[in-house]
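Residue-level structure breakdown
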Amino acid sequence: MDGSRVVTPLLAARGVTKCYRNGAGWARAAAATRAVDGVDLAIAEGETVGLVGESGSGKTTLAHLLAGLLAPTAGDVQFEGRSLAALPPDDARRFRRSVQMVFQSPLLSLDPRWRVGDTVAEPLRIHRLAAGGALREQAAHWLTVVGLDPALAARYPRELSGGQRQRVAIARALVLRPSVIICDEPVASLDLSVQRQILELLLRLQADHRIAYLFISHHLGLVSAVAHRILVMHRGRIVEEGGNPALFQHPTHPYTRTLLASAITPQTMS
Ligand SMILES: Nc1ncnc2c1ncn2[C@@H]1O[C@H](COP(=O)(O)OP(=O)(O)OP(=O)(O)O)[C@@H](O)[C@H]1O
Ligand SMILES: [Mg+2]
């Protein structure tokens, strides 16, 4: 990192907090869950930020806040230095194109009633970036980019393997040429050998298209295989942050040490 230059991050959280208030009556009166609690983070062009933390630590909630799918209770999510809440319509549209998500379960994130080609092309149709034959051409192109036979465009998600489905989900995220992809446990539902193939695909896409990733996992080994920088989340807060692998060599927070002690070593995946 060049410390002499001040670069505006692509995507940032500034003191972001999210409280869930569910239920009615006595359930509502119970203390709200503070799922994300005063989080600061910044993602720069082309970098991979790893976010690691145990189940329930607030990773998915933070992902949804950064993707604009949830509004923060307090604090600010910023795209290219400007608050999402105050983006003019044109910039808000650009934000929705530039920041995409890949979810844990492609079976849940892909519509079972849609053919693969329509699924991949849909964001282009919604954003009115292509129509008719151009949609089919684009879908075929991006299926090829993620290593799939474009003939799979005619299939339904149930007719694909888990790894193929996740490639379709990645192709769908890519068609809008995003600058950031938020990957929430993108390989957790896959077999080990397929996990490695998908990680390799993500790394290749980053090299070819200069995409930044927020790579979320509860698996320290996976995060350390891909991330330039790692944030450790615990009970809604970022408790430690460091370069990869420096963070592992000198963990300062007790939670990070616990995480390291209980993890398969970071070297396992590399
Ligand atoms: N829609 C919701 N309504 C109420 N509480 C929620 C909601 N979503 C998440 N929570 C709570 O917020 C906290 C953080 O959940 P979140 O899903 O963000 O964690 P996570 O780190 O992604 O966990 P996992 O590793 O299991 O995916 C948990 O206590 C969870 O029960
Ligand atoms: Mg989650």
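This is a predicted model, so every value here is computed, not measured. Numbering of residues starts from 1 in each chain and follows the order in which that chain's sequence is written. Lettering of chains starts at A and numbering of ligands starts at 1, both following the order in which they are written. For this predicted model, a pLDDT threshold of at least 70 governs which residues receive local features, and a threshold of 80 or more governs which side-chain atom pairs are given and counted, while totals over whole chains, interfaces and linings are taken from all residues. Side-chain metrics rest on all non-hydrogen atoms present in the structure, leaving aside hydrogens and water.

1. Observations concerning the confidence of the model for the chain
- On average, residues of the chain carry a pLDDT of 92, and 92% of them reach 70 or more.
- The predictor rates its confidence in each residue with pLDDT, a number between 0 and 100. The contact rule is simple, with two residues in contact once any of their heavy atoms fall within 4.5 Å. When the criterion is pLDDT under 50, residues 266–270 qualifies, and its contacts beyond four places in sequence or with other chains add up to nine contacts.

2. As for the environment of arginine 172
- Mapped onto the secondary structure, arginine 172 falls in helix H7 (residues 162–174).
- Given a relative accessible area of 26%, arginine 172 falls into the partly exposed group.
- For the pair arginine 172 and proline 72, spaced 100 residues apart in the sequence, the C-alpha separation amounts to 26 Å.
- Those residues in contact with arginine 172 that sit more than four places away from it in its chain are Thr119, Val120, Glu122 and Pro123.
- We define a polar contact as two N or O atoms separated by no more than 3.5 Å, with the added condition that, inside protein, one atom must be a possible hydrogen donor and the other a possible acceptor, whereas residues neighbouring each other in sequence contribute only through side-chain atom pairs. A distance of 2.9 Å separates a polar atom in the side chain of arginine 172 from a polar atom in the side chain of glutamate 122. Secondary structure elements are taken from DSSP: a helix is a run of H or I of four residues or more, a strand is a run of E of two residues or more, and numbering for both begins at the N terminus. Exposure is judged per residue with a 1.4 Å probe applied to protein chains only, and the accessible area is read against the type maximum: over 50% gives exposed, under 20% gives buried, and values in between give partly exposed.

3. Focus: the site of ligand 1
- Here a residue is near a molecule or strand as soon as one of its heavy atoms is found within 4 Å of it. Inspection of the region around ligand 1 gives Tyr20, Asn22, Thr33, Ala35, Glu54, Ser55, Gly56, Ser57, Gly58, Lys59, Thr60 and Thr61 as its neighbouring residues.
- Within the contact set of ligand 1, an oxygen atom lies 2.6 Å away from a side-chain nitrogen or oxygen of threonine 61.
- Areas reported here follow the Shrake-Rupley algorithm with a probe of radius 1.4 Å; residue values treat only the protein chains shown as occluding. For ligand 1, whose unbound accessible area comes to 630 Å², protein coverage reaches 63%.
- Sorting the residues of the shell around ligand 1 by element identifies strand E2 (33–43) and helix H2 (59–66) as the ones contributing at least two each.
- When residues in the shell around ligand 1 are grouped by element, the largest group, three residues, is from H2.

4. Some details on the side chain of serine 57
- Take serine 57: it is sitting in the loop between strand E3 (48–52) and H2.
- Within the structure, the side chain of serine 57 is placed 2.7 Å from the backbone oxygen of glutamate 54, a separation counted as a polar contact.

5. Things to note about the nonpolar core
- As used here, the term nonpolar core means buried Ala, Val, Leu, Ile, Met, Phe, Trp, Tyr and Cys residues forming a set that is joined through side-chain atoms within 4.5 Å. If you look at the biggest cluster of nonpolar residues, it comprises 50 residues, and the most contacted ones within it are Val120, Val168, Ile170, Leu174, Ile181, Leu205 and Phe215.
- Not counting residues within four places of it along the chain, the set of residues in contact with isoleucine 170 comprises Val102, Val146, Ile198, Leu201, Leu202 and Leu205.
- Core analysis: the next-biggest nonpolar cluster, separate from the first, contains 29 residues, Val39, Ala92, Met101 and Met233 among them.

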